[in-house]
Amino acid sequence: MLLASAVVVWEWLNEHGRWRPYSPAVSHHIEAVVRAGARAGGSVVLGQVDSRLAPYIIDLQSMNQFRQDTGTLRPVRRNYYDPSSAPGKGVVWEWENDNGSWTPYDMEVGITIQHAYEKQHPWIDLTSIGFSYVIDFSTMGQINRQTQRQRRVRRRLDLIYPMVTGTLPKAQSWPVSPAAATTSPPAPPCSCPQCVLVMSVKAAVANGSTGPLQPPATRKNVASSGVVKLPPPSGPGTKLLDPTGTIRGPGKTTPSQVIRRQGVSSTAAGATTGSPASPSGANSKTGRVALATLNRTNLQRLAIAQSRVLIASGVPTVPVKNLNGSSPVNPALAGITGILMSAAGLPVCLTRPPKLVLHPPPVSKSQIKSIPGVSNTSRKTTKKQAKKGKTPEEVLKKYLQKVRHPPEEDCTICMERLTAPSGYKGPQPTVKPDLVGKLSRCGHIYHIYCLVAMYNNGNKDGSLQCPTCKTIYGVKTGTQPPGKMEYHLIPHSLPGHPDCKTIRIIYSIPPGIQGPEHPNPGKSFSARGFPRHCYLPDSEKGRKVLKLLLVAWDRRLIFAIGTSSTTGESDTVIWNEVHHKTEFGSNLTGHGYPDANYLDNVLAELAAQGISEETTAQEKD
């Protein structure tokens, strides 16, 4: 067992492959459900603590966030940070959006900024952690190194993230110093598989079956060829691991103090000197010394050899993936787990972590081809033109039949009886409130007064959607801002579709001013992440989806202006319930391939918007 302290931050993976932190209040709520165990049911309803997250539920068994209204799944993780870092002090660093709202930085970025701030540095360059920005503390501004654009930043205090002290969960390992291990009180033996494995290995080492090996003279890291990087053994003049997993030397610190956990990567229960007592007959002190001085090169050779033999013989193997992160301790934890499992005779295969592959290999202009059966290679949309000449009553007259003797039922819009006048209290339509009508195709009955009010509150495009069964009358259009859609063939195959090329779609929408059909007319809107690249297989069904996506683009149904579920930013361009695949060579975020059901799912989503081969053929007739 390992004794340590850390702050716990729950995070979710966005479509750009970045881990975004939940707020301290939400992390406290999730942590409370985790600690409640099986009696809590294994799922977390985020709306209970933050009304803005009402559609979201976290399934703790699969470690996924589920959005109930769209069915979107996103991975989540439970991450540990140094208690002395920003989340342990309740410090949140944020940057200002174009609309004046504030967005928190990723946790690792916020920790880096706070570290420089506490050191009283005049500024901090974020290039070293992958961001082309400079934070100027004197002006509290963020400067883009490429464009020189400046934004305001701020530092605010919030709740401190939940703290974990004492024994950490078995699924996590936490480095401790040799001194801490020797002064900790002896823990009772544990019967979990990891601890049993540790005890058996320590017993084998203590009894001389492996023999202590001398540490190497040099401390060069081993290249990440699917193997491991082991932390150097403790000794005079060497760098020690502090309780956050950060390697520290005399008088030198590093700001990145994080141990990452992804899914059920490696448990590494034996990668510590603070493990449970050895079995009877084994000298625990000798076992600790021998285990601490095992030669890294020989341990790596042992693990690699066993993996190769198992793979070659066709024996099923358990993948132990290196943890992502900058600290050398992370791959060491994964590697030690594999070594211990190998020593116990369990099949292990050390592998590299999966990588996010958003884009295909570079393609020259000569390799880009037009798509057979699809005219042109791009499509533009312009601002919506207001339709004139028809009142709402005239539009609805085409879809309704008057009902002289309404049934004793409720109007599902105003919830008043159909035999009574409409209960709608908004702006008064010109029709009488007691008139009742039946939609011609689906047969659902409403107050005409309510239907006119619903139409006036919508897009006013000449179409109507039944609020009960969602049947669409007329041609439904959306509020997508002006932009450009490009589409062509590239000579690469998607995972799961090796026998065909790939259709690449590129959406480009610039920022602008909202029109009368948008949430805040006259106010500016942002357009993040454009151009957006999406991919379809160049198969018969893939081309069918493309043709229907072109119809959806022309009807302005692909995008809308609203609040981003990813960043929380309002007045920005968002997807409009027609899912796209934005990962080319992976499926880490759920937006890539292989996905056997994607084409069928997106056809169903388009049909829900009134777009299918049948409806488009009827409109041409």
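Treat the numbers as computed from the prediction; the structure is a model and nothing was measured. (Residues numbered from 1 in each chain as written. Predicted model: local features only at pLDDT ≥ 70, side-chain atom pairs only at ≥ 80, totals over all residues. Heavy atoms only, no water.)

Participant: Which residues make up a positive patch on the surface, and what are the values?
Facilitator: A contiguous patch of positive charge on the surface is contributed by Lys 397, Lys 402, Arg 404 and Lys 432. Of the residues examined, Lys 432 reaches a relative accessible area of 58% and is grouped as exposed. (Patch = residues over 30% accessible without salt bridge, like charges linked within 9 Å, V, L, I, M, F, W, Y side chains within 5 Å. Areas by Shrake-Rupley, 256 points an atom, 1.4 Å probe, with all protein chains shown as cover. Salt bridge = Lys/Arg side-chain N within 4 Å of Asp/Glu carboxyl O. Lys, Arg positive; Asp, Glu negative; His and termini not counted. Charge placed at Lys NZ, Arg CZ, Asp CG, Glu CD. Buried < 20%, exposed > 50% of the residue type's maximum accessible area, 1.4 Å probe, protein only.)

Participant: Describe unusual backbone geometry, naming the residues involved and giving the relevant values.
Facilitator: Excluding glycine, residues mostly carry a negative phi; peptide bonds, for their part, are mostly trans. The residue after Phe 530, namely Pro 531, is reached through a cis peptide bond having omega 0 degrees. Relative to the helices and strands, Pro 531 resides in the loop between strand 28 (524-525) and strand 29 (532-537). In the Ramachandran plot, Met 140 falls in the positive-phi region, its phi being about 50 degrees despite a non-glycine side chain. For Met 140, the position within the fold is in the loop between strand 10 (133-136) and strand 11 (141-144). Accessibility expressed as a relative area gives 23% for Met 140, which makes it partly exposed. Of note in this structure, Arg 556 is not a glycine but carries a positive phi near 65 degrees. (Helix = DSSP H or I, 4+ residues; strand = E, 2+ residues; numbered from the N terminus.)

Participant: So what's going on with the environment of Val 573? Residues and values would help.
Facilitator: Positionally, Val 573 belongs in strand 31 (residues 572-575). For the pair Val 573 and Gly 562, spaced 11 residues apart in the sequence, the C-alpha separation amounts to 6.5 Å. Those residues in contact with Val 573, other than ones at most four positions away along the chain, are Pro 481, Ile 509, Phe 525, Ser 526, Ala 527, Phe 530, Arg 532, Phe 559 and Ala 560. (Contact = heavy atoms within 4.5 Å.)

Participant: Please provide a residue-by-residue account of helix 3 (residues 107-118), values included.
Facilitator: A turn of α-helix holds 3.6 residues, and therefore any two residues three or four places apart point the same way. Taking 1.5 Å per residue as the helical rise, helix 3 with its 12 residues ought to reach 16 Å, and the 16 Å between its terminal C-alpha atoms agrees with that figure. What helix 3 keeps buried is the set Met 107, Val 109, Gly 110, Ile 111, Thr 112, Ile 113, Gln 114, His 115 and Ala 116. Once helix 3 finishes, Gln 120 follows within two positions and takes phi at roughly 60 degrees, a positive value. (Expected span 1.5 Å × (residues − 1).)

Participant: Go over the sheet that holds strand 22 (residues 445-447) with me, naming the residues and quoting the values.
Facilitator: Whenever strands of a sheet pair, they do so through backbone hydrogen bonds, lying parallel or antiparallel. Strand order in the open sheet formed by three strands is 20-21-22, with antiparallel pairing between adjacent strands. One side of each edge strand has no neighbouring strand; the edge strands of this open sheet are strand 20 (400-402) and strand 22. Ignoring strand direction, the axes of neighbouring strands in this sheet form an average angle of 40 degrees. Both strand 20 and strand 21 (residues 436-439) contribute to a ladder of three bridges, which runs antiparallel. From the neighbouring strand, Leu 400 faces strand 21, where its bridge partner is Leu 439. Its contacts with the sheet put helix 10 (residues 448-456) on strand 20, strand 21 and strand 22, and the angle it makes with strand 22 is roughly 80 degrees. (Pairing = 2+ DSSP bridges. Axes fitted to C-alpha atoms, helices over the stretch in contact; angles between N-to-C directions.)

Participant: Now, about the side chain of Arg 74: what can you tell me, with residues and values included?
Facilitator: Checked against the element boundaries, Arg 74 lands in strand 6 (residues 73-81). Residue contacts for Arg 74: discarding those within four places in its chain leaves Trp 12, Leu 13, Asn 14, Glu 15, Met 63, Asn 64, Gln 65, Thr 566 and His 591.

Participant: An account of helix 11 (residues 540-554) is needed here, citing residue identities and associated values.
Facilitator: An ideal rise of 1.5 Å per residue puts 21 Å on 15 residues; helix 11 measures up with 22 Å between its terminal C-alpha atoms. If you check which residues of helix 11 are buried, you get Gly 542, Val 545, Leu 546, Leu 548, Leu 549, Leu 550, Ala 552 and Trp 553. Of the residues one or two after helix 11, Arg 556 is the one with positive phi, at around 65 degrees.

Participant: Lay out the sheet that holds strand 8 (residues 102-104) in plain terms, naming residues and giving numbers.
Facilitator: The antiparallel open sheet is built from six strands, whose spatial order is 8-7-12-11-10-9. At either margin of the open sheet sits one strand with a lone partner, and together these are strand 8 and strand 9 (123-125). Neighbouring strand axes in the sheet, compared pairwise and without regard to direction, differ in orientation by 30 degrees on average. Pairing of strand 7 (residues 91-96) with strand 8, which is carried by three bridges, proceeds in the antiparallel orientation. Considered in strand 8, the bridge of Trp 95 is made with Thr 103. Running over the sheet, helix 3 touches strand 7, strand 9, strand 10 and strand 12 (150-157) and is turned about 105 degrees from strand 7.

Participant: An account of the side chain of Arg 77 is requested, with residue identities and associated values reported.
Facilitator: With respect to the element layout, Arg 77 can be found in strand 6. At 2.8 Å, the side chain of Arg 77 and the side chain of Glu 11 are in polar contact. (Polar contact = N/O pair within 3.5 Å; in protein donor to acceptor, adjacent residues only side chain to side chain.)

Participant: Before we move on, can you summarise the packing of aromatic side chains with the specific residues and values?
Facilitator: If you walk through the whole model with that rule in mind, you get 12 aromatic pairs. Residues Tyr 535 and Phe 584 carry aromatic rings whose centres are separated by 5.3 Å and whose planes lie at 70 degrees to one another, so their mutual orientation is edge-to-face. With a gap of 49 residues between them, Tyr 535 in strand 29 and Phe 584 in the loop between strand 31 and helix 12 (598-608) connect regions that are remote in the sequence. Per residue, the accessibility class of Tyr 535 equals that of Phe 584, and both read buried. An aromatic cluster is defined as three or more aromatic residues linked by ring pairs; in this entry it consists of Tyr 507, Phe 530, Trp 553, Phe 559 and Trp 575. Directly above the ring of Tyr 473 sits Arg 441, whose terminal nitrogen or CZ lies 5.1 Å from the centroid. For the cation-ring pair, Arg 532 lies above Phe 530, with the distance from its terminal atom to the ring centre recorded as 4.3 Å. (Phe/Tyr/Trp six-rings, centres within 6.5 Å; stacked < 30°, edge-to-face > 60°. Lys NZ or Arg CZ within 6 Å of the ring centre and 35° of its normal.)

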